[in-house]
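As a plain string of letters, each chain reads:
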Amino acid sequence: MRPQVLTIAGSDSGGGAGIQADLKTFQELGVFGTSVLTAVTAQNTRGVHGVEAVSPELVTQQLDAIGSDFTIAACKTGMLFDAARIEVVADGVRRHTFNRLVVDPVMIAKGGASLLQDSAVQALKTSLLPLATVVTPNVPEAEVLTGMTIRTFEDRIKAAEQMLAYGVRAVILKGGHLDGATADDLVMTASETFLLSAPRIQTSDTHGTGCTFSAALTAELAKGHSILEATVTAKRFIQCAITHGLDIGAGHGPTNHWAYATHEEAGVTLESITTNHR
Ligand SMILES: Nc1ncnc2c1ncn2[C@@H]1O[C@H](COP(=O)(O)OP(=O)(O)OP(=O)(O)O)[C@@H](O)[C@H]1O
Ligand SMILES: Cc1ncc(COP(=O)(O)O)c(N)n1
């Protein structure tokens, strides 16, 4: 039987991020995707033009419809909109024992639109992160989650340590927003810290990179791979998707979800940098 997976996220009408990016990624990686919508955005490559949240009751109904019928091997969250949706999502994840949980703490879209209310950050930290297997913040999201300013490599290590203390099993602090010849993601578990690197692609077509990366990670966890194995495959998937962009739309274009199946990926490395003594 195909592994069944779930994404709990917002809809991106433009198809490059959100639920749409997640389902395309699941399909490409051979797992059966289901979805719980938390919000609907009117969005294209130029930006977010409207947002409406799905009621907490309907979010719960969707979670119960999935949880009562499917065997969810892994699950991810994306745009959660506000504290009320976070609480019902955390409740559903707990009740249905969705055990392998990837939390992508989506806060702000590439174009600058807010996808999570400021007042929801505390709920994310206290209700959802303790249930998470992996949390995948970018640098601005990690700054909000930790209250730290992240500039140096040491800052990234300290921030990842702080997020690990929120109860997650692994932190992937993504480096897409930083400069440099490589896009480096810091991967920290209780026992070890790694640097996951790939050549940085010069492109503005990076809409939905975080969604796609976390969906690939979820698909690989669902197949029973370890967190590290799943992380490396997810990086390969997103590297191919960014490298072979589709040139769609006039703004930040989507990535190519087909590319992983049809192109060789080059240059992803995983280097162990420290052994953590906890
Ligand atoms: N230009 C790039 N070249 C290569 N890899 C990149 C590039 N931009 C981002 N990445 C990689 O894509 C993955 C997603 O990271 P990113 O920091 O873009 O997430 P994000 O900001 O949450 O994405 P989004 O909010 O757009 O969905 C990471 O592995 C990151 O290193
Ligand atoms: C529904 C939804 N979820 C997530 C994102 C983040 O993606 P990006 O930062 O690339 O805009 C988005 N734009 N829309």
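The chain is annotated in an unreviewed UniProt entry as Hydroxymethylpyrimidine/phosphomethylpyrimidine kinase from Exiguobacterium mexicanum. The record in UniProt for the chain states the following under Sequence similarities (unreviewed entry): "Belongs to the ThiD family."

1. Considerations on the overall build of the chain
Counting its regular elements, the chain contains nine helices and ten strands. Here the C-alpha atoms of the chain give a radius of gyration of 17 Å, agreeing with the 19 Å that 2.2 N^0.38 yields for 278 residues. Principal axes of the C-alpha set define a box for the chain whose edges measure 45 × 45 × 40 Å. The buried share among the 278 residues of the chain stands at 55%. When contacts within the chain are restricted to residue pairs at least 6 apart in sequence, long-range pairs at least 24 apart make up 70% of them. A distance of 2 Å separates the average location of the 20 positive side-chain charges in the chain from that of its 28 negative side-chain charges.

2. What about the pairing of strand β1 (residues 4-12)?
The side chains of a regular strand alternate between the sheet's two faces. β1 sits mainly inside the fold: nine of its nine residues count as buried. Judged from the nine bridges that link them, β1 and strand β2 (residues 32-44) form a sheet pairing that is parallel. If you follow Gln4 over to β2, its bridge partner there is Phe32. Regarding topology, helix α1 (residues 18-28) serves as the crossover connection from β1 to the parallel β2, and that connection is right-handed.

3. What to know about the site of ligand 2
Close to ligand 2 lie 15 residues; Gly10, Gln43, Lys110, His207 and Gly208 are nearest. Gln43 places a polar side-chain atom, nitrogen or oxygen, 2.7 Å from a nitrogen atom of ligand 2. Take Gly208: an N or O atom from its main chain is 2.7 Å from an oxygen atom of ligand 2. Expressed as a share of its isolated accessible area of 350 Å², the protein-covered part of ligand 2 is 93%. A class-by-class count of the residues in the shell around ligand 2 yields seven nonpolar, seven polar and one charged.

4. Remarks on helix α2 (residues 56-67)
Quick reminder: α-helices carry 3.6 residues per turn. Residues three or four places apart thus point the same way. In this model α2 runs 16 Å from its N-terminal to its C-terminal C-alpha over twelve residues, within 8% of the 16 Å that 1.5 Å per residue would give. Inspection of α2 places Val59, Gln62, Leu63 and Ile66 among the buried residues, and these make up the whole buried set. Mapping the buried residues of α2 onto a view down its axis gives an arc of 100 degrees, with all of them on the same face. Among the exposed residues of α2, those pointing more than 90 degrees away from its buried face are Glu57 and Gln61. Lining the buried residues of α2 we find β1, β2, β4 (72-77) and α3 (83-95).

5. Overview of the environment of His207
Here His207 is to be found in the loop between β9 (192-199) and α7 (209-222). Note: C-alpha distance between His207 and Lys110 (97 residues apart in sequence) is 6.8 Å. Once residues lying within four places of it in the same chain are set aside, the contact partners of His207 are Asp12, Gly16, Ala17, Gln43, His252, Gly253, Pro254 and Thr255.

6. Quick word on the site of ligand 1
Near ligand 1 there are 19 residues, and of these Lys110, Lys174, His177, Asp185 and Gly210 occur at the shortest range. Backbone polar atom of Ile201 to a nitrogen atom of ligand 1: 2.9 Å apart, as the coordinates give it. Within the complex, 94% of the 630 Å² of free accessible area of ligand 1 lies under protein. Elements with a contribution of two residues or more to the shell around ligand 1: β8 (182-189), α7 and α8 (227-243). By residue number, the principal contributor to the shell around ligand 1 is α8, which donates four residues. Considering only residue class, the shell around ligand 1 consists of six nonpolar, eight polar and five charged.

7. Comments concerning the pattern of salt bridges
This structure, assessed with the given rule, holds eight salt bridges. The shortest N-O distance in the salt bridge between Arg94 and Asp91 comes to 3.9 Å. Placement of both Arg94 and Asp91 in helix α3 is noted, with a separation of three residues, approximately one turn of the helix.

8. Regarding the pairing of β2
Relative to strand β3 (residues 47-53), β2 runs antiparallel, the two sharing six bridges. By the bridge assignment, Gln43 is partnered in β3 with Val48. In sequence, β2 turns back onto β3 through a hairpin of two residues.

9. Looking at the packing of aromatic side chains
Aromatic ring pairs are defined here through the distance separating the ring centres and the angle between the ring planes. In the structure shown here, the tally under the stated rule is two aromatic pairs. On the basis of an interplanar angle of 40 degrees and a centroid distance of 5.3 Å, the ring pair of Phe237 and Tyr260 is categorised as tilted. With Phe237 in helix α8 and Tyr260 in helix α9 (residues 259-262), this pair connects stretches of sequence that are 23 residues apart.

Cut-offs used in this document
Residues numbered from 1 in each chain as written. Chains lettered and ligands numbered in written order. Predicted model: local features only at pLDDT ≥ 70, side-chain atom pairs only at ≥ 80, totals over all residues. Heavy atoms only, no water. UniProt positions renumbered as here; feature names shortened; annotations may be inferred. Helix = DSSP H or I, 4+ residues; strand = E, 2+ residues; numbered from the N terminus. Rg over C-alpha atoms; globule rule 2.2 N^0.38 Å. Buried < 20%, exposed > 50% of the residue type's maximum accessible area, 1.4 Å probe, protein only. Contact = heavy atoms within 4.5 Å. Lys, Arg positive; Asp, Glu negative; His and termini not counted. Charge placed at Lys NZ, Arg CZ, Asp CG, Glu CD. Pairing = 2+ DSSP bridges. Right-handed = clockwise from strand over helix to strand, strands pointing away. Near = heavy atom within 4 Å. Polar contact = N/O pair within 3.5 Å; in protein donor to acceptor, adjacent residues only side chain to side chain. Areas by Shrake-Rupley, 256 points an atom, 1.4 Å probe, with all protein chains shown as cover. Nonpolar A, V, L, I, M, F, W, Y, C, P; charged D, E, K, R; others polar. Expected span 1.5 Å × (residues − 1). Arc of directions from axis to C-beta. Salt bridge = Lys/Arg side-chain N within 4 Å of Asp/Glu carboxyl O. Phe/Tyr/Trp six-rings, centres within 6.5 Å; stacked < 30°, edge-to-face > 60°.

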